[in-house]
Amino acid sequence: MLKGIPAIISPELLKVLCEMGHTDELTIGDGNFPGHTYGKKVIRMDGHGVPEILDAILQIFPLDAYVEHPVTLMGIVPGDDVKTPIWEQYKEIVATYDKRGAECFEEIDKWKFYEKTKEHSSVVIMTSEKALYANLILKKGVVI
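Residues numbered from 1 in each chain as written. Predicted model: local features only at pLDDT ≥ 70, side-chain atom pairs only at ≥ 80, totals over all residues. Heavy atoms only, no water.

### A few points about the side chain of S121
- Position of S121 relative to the elements: it lies in strand β5 (residues 121-126).
- According to the relative accessible area criterion, S121 is buried, its value standing at 1%.
- For S121, the side chain forms a polar contact with the side chain of T27, separated by 2.6 Å.
- Among residues more than four places away in sequence, those in contact with S121 are E25, L26, T27, K40, K116 and I137. (Helix = DSSP H or I, 4+ residues; strand = E, 2+ residues; numbered from the N terminus. Buried < 20%, exposed > 50% of the residue type's maximum accessible area, 1.4 Å probe, protein only. Polar contact = N/O pair within 3.5 Å; in protein donor to acceptor, adjacent residues only side chain to side chain. Contact = heavy atoms within 4.5 Å.)

Laid out in structure tokens, this is it:
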């Protein structure tokens, strides 16, 4: 254990976060996300939900200040009758760590989200999150 590192952050995840540089991305997937299909590297965090993982990561991981939207949400497929109250939780969590708050977020098509993960994410963090469309991508900023 280390001081100042949230206990939920495993040594494996800490190593990956440390190895990531400015503009590198990571994906946090809900329980339905096909992480092993689209992830170059997958870290399982079974038993945890996305909000608690997002909060822990943002305590030590800056969001990119040089892009308009350092957080990407998987958009709802047209015709899917799904509500996403978890997105509001995400916005509250991000606002705790980034003064831009909800302005950090963009929403992209589900299939573009998968491709973005496959092409750009250094790691996919798999969770036990039950909320639908609870996936997000974070772009790392500069540590000052």
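Text resumes after the structure shown.
### Here we look at the sheet that holds strand β1 (residues 25-29)
- The strand order across the open sheet formed by six strands is β2-β5-β1-β6-β3-β4, and the pairing between neighbours is mixed. Only two strands of the sheet have a single neighbouring strand rather than two, namely β2 (42-44) and β4 (105-108). Shown here is a sheet whose adjacent strand axes are inclined to one another by a mean of 20 degrees, direction ignored.
- Pairing of β1 with strand β6 (residues 136-139) involves four bridges; the strand directions are antiparallel. Counterpart to T27 in the pairing with β6 is I137. (Pairing = 2+ DSSP bridges. Axes fitted to C-alpha atoms, helices over the stretch in contact; angles between N-to-C directions.)

### Re the pattern of salt bridges
- According to the stated counting rule, one finds eight salt bridges in the structure shown.
- The partner of K139 in a salt bridge is E25, and the shortest N-O contact between them spans 2.9 Å. Linking K139 in strand β6 with E25 in strand β1, this pair joins segments that are 114 residues apart in sequence.
- Since its relative accessible area comes to 17%, K139 is described here as buried.
- A salt bridge links D81 to K83; the nearest nitrogen and oxygen atoms lie 4.0 Å apart.
- Residue K83 is classed as exposed on the basis of its relative accessible area, which comes to 67%. (Salt bridge = Lys/Arg side-chain N within 4 Å of Asp/Glu carboxyl O.)

None of the figures reported here should be taken as evidence of function without further support.
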